[in-house]
Amino acid sequence: MEGDTRLTEQTKAKGKPKKRRYLSLQTKFLLVLLLGLALGMGLGSLTMVVGDALIEHVYLSEEAMEERCRDILDEFDSFVQERELKAAQARDITVWAKQQNRIYLMVYEVTLLEDGVEMRAVVDSGWWDEENYYSTEGETTDESSYADTITTYDEDAENALAEATEESYGYGYGQRMVEFADGTYLVQVTEYSEEPLYEFVTILSYAVILAVFLLVVLLYHQRTISYIIKLSQEVEAIAHGKLDGAITVKNRDETGILAEHVDTMRTSIIQEMRAEQEAWNANSDLITRMSHDIRTPLTVLLGFLELLDEGGYSENENYRNYLAICKKNAYQLKELADKLFQYFLVFGHGSHEMKLEATDAGVLLGQLIREHEMLLAEHGWEIECQYIEGQHFIRADAVFLKRLFDNLFSNIEKYADPTRPVVIQQQAEKSCIRITLTNLVRPEPNPVGSTNIG
């Protein structure tokens, strides 16, 4: 508490603190979403670029492609030799090509001419399928539906053949002369097994985008939840009476505002407790002093009353002196009591819980009113009282009700005209008991003072 006091005094000395800027939780969450999306898109794009570069420079390198095409041609050559296939059996060749991992196969009939080379397509696995294909034996319904003829003229027939085959494929590999059962044909193979890799890279880039986005959102969520949990623990400590620990004010949003308000409430509680302790100490000092002041006249009063009671006086003059001393001390006690009442009237704000109990109104009110009726009658007042008949049960606190009637009849003694009657009426209604006290105010003021508590 001493540290909080010094902090409060320093804050007052520096003046009013600067107003902090806040961002709402909704705005911060929107910014986090945008940040997560931006980071995800950036890392996803980087993943796609790196993946595509690896595919192009590693998987699609000339050496790797040449090796894959050589393996495919070796396997196709073995397939042709085992089955003793003819080039005209386009159906079997097409089925084999479709069963491989993404390849495009063509078979050419090569004819050496005097002035060049002529290449005529016999099988095209990428153009025909199992039900529609082209062959030299006319197994298709429309032989003219496809015809690919390449003719190259050159003085040297062998050079012309080499140039024709290289031009037809575009590379110096992926083609081979294969011995079929009906002759030797040029087989060209194009493989495109990189497509699943490109699809994998695309899926991986989208996965990176989603993962980074979710990671940013979860980190923000975890940070916010951790701060809320910390605030909850600090507030719980305050609820258990540990007011020394300050509330952590960290975020500039609604949680930060909440933390500031809770810390302000904690400081207010400390100040109220300190003020209450000071008031309690002041009350204790007052009661101590008043007890000492009351004890002195009370002792004197009791002493002279005992003398009067025992007849400890010799003359009437002594008797009257003793009575005067008793009366003086009695008024002194009354003055001290009035001052005490006035103090607690101003500074006392405590409330007492009433204990309501069901009781017969006729019996309870009869006892309370008859007691004061007899006292008023002894002092010369004329009382006209009307009591309720029958049983009427009410819920009331007998102690508080007696205090109420003591105050009312005390006011009658102080302010009512003793020459006029005091009328007391009791009426039982549906849900309550109505009590009416009627009197006239005395013309001259009562010499007895009042604390005005009533």
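Scroll up for the structure.
Residues numbered from 1 in each chain as written. Predicted model: local features only at pLDDT ≥ 70, side-chain atom pairs only at ≥ 80, totals over all residues. Heavy atoms only, no water.

1. Examining the overall build of the protein
Here is step 1 of the chain: Scanning the protein from terminus to terminus reveals 10 helices and 10 strands.
Here is step 2 of the chain: Accessible surface, the protein: about 30200 Å² in total, of which carbon and sulfur atoms supply 55%. (Helix = DSSP H or I, 4+ residues; strand = E, 2+ residues; numbered from the N terminus. Areas by Shrake-Rupley, 256 points an atom, 1.4 Å probe, with all protein chains shown as cover.)

2. Here we look at the pairing of strand β10 (residues 433–438)
Here is step 1 of the chain: For strand β9 (residues 422–428) and β10, the ladder comprises 6 bridges, and the chain directions are antiparallel. Following the sheet pairing, glutamine 425 is matched in β10 by threonine 436.
Here is step 2 of the chain: Between β9 and the antiparallel strand that follows it, β10, lie 4 residues. (Pairing = 2+ DSSP bridges.)

3. Brief notes about the pattern of salt bridges
Here is step 1 of the chain: Per the counting criterion, the structure on display carries 4 salt bridges.
Here is step 2 of the chain: Of the charged contacts, one joins glutamate 191 and arginine 68 as a salt bridge, the two residues approaching to 2.9 Å between their closest N and O atoms. Taken together, the residues span a long stretch of sequence, with glutamate 191 in strand β5 (residues 183–191) and arginine 68 in helix α3 (residues 62–83) at a distance of 123 residues. Assigned by exposure class, glutamate 191 and arginine 68 land together as buried. (Salt bridge = Lys/Arg side-chain N within 4 Å of Asp/Glu carboxyl O. Buried < 20%, exposed > 50% of the residue type's maximum accessible area, 1.4 Å probe, protein only.)

4. A closer look at α3
Here is step 1 of the chain: For α3, which comprises 22 residues, the first-to-last C-alpha distance of 31 Å matches the rise-based estimate of 32 Å (1.5 Å per residue) to within 8%.
Here is step 2 of the chain: Phi for glutamate 84, located one or two positions after α3, is positive at around 50°. (Expected span 1.5 Å × (residues − 1).)

5. Observations concerning helix α2 (residues 25–59)
Here is step 1 of the chain: For α2, which comprises 35 residues, the first-to-last C-alpha distance of 48 Å matches the rise-based estimate of 51 Å (1.5 Å per residue) to within 8%.
Here is step 2 of the chain: Where α2 is concerned, the buried positions are Lys28, Val32, Gly36, Gly40, Gly44, Gly51 and Ile55.
Here is step 3 of the chain: The inward-facing, buried residues of α2 abut α6 (195–239). (Contact = heavy atoms within 4.5 Å.)

6. Looking at a negative patch on the surface
Here is step 1 of the chain: Together, Glu62, Glu63, Glu66, Glu67, Asp71 and Glu75 line one region of the surface with negative charge.
Here is step 2 of the chain: If you trace the backbone, glutamate 66 turns up in helix α3. (Patch = residues over 30% accessible without salt bridge, like charges linked within 9 Å, V, L, I, M, F, W, Y side chains within 5 Å. Lys, Arg positive; Asp, Glu negative; His and termini not counted. Charge placed at Lys NZ, Arg CZ, Asp CG, Glu CD.)

7. Re the side chain of glutamate 191
Here is step 1 of the chain: Owing to a relative accessible area of 5%, glutamate 191 belongs among the buried residues under this scheme.
Here is step 2 of the chain: Looking at glutamate 191, its side chain comes within polar contact range of the side chain of arginine 68, at 2.9 Å.
Here is step 3 of the chain: Glutamate 191 has contacts with Met65, Arg68, Cys69, Ile72, Arg102 and Ile103, leaving out every residue within four places of it along the chain. (Polar contact = N/O pair within 3.5 Å; in protein donor to acceptor, adjacent residues only side chain to side chain.)

8. Looking at the packing of aromatic side chains
Here is step 1 of the chain: Inspection of every chain in the model, using the stated rule, returns 6 aromatic pairs.
Here is step 2 of the chain: Ring geometry for phenylalanine 29 versus tyrosine 220: centroids 6.3 Å apart, planes at 40°, classification tilted. Remark: tyrosine 220 occurs in helix α6 and phenylalanine 29 occurs in helix α2; sequence separation between them is 191 residues.
Here is step 3 of the chain: Between the aromatic rings of phenylalanine 76 and phenylalanine 79, the centroid separation amounts to 6.5 Å while the plane-to-plane angle is 35°, which identifies the pairing as tilted. (Phe/Tyr/Trp six-rings, centres within 6.5 Å; stacked < 30°, edge-to-face > 60°.)

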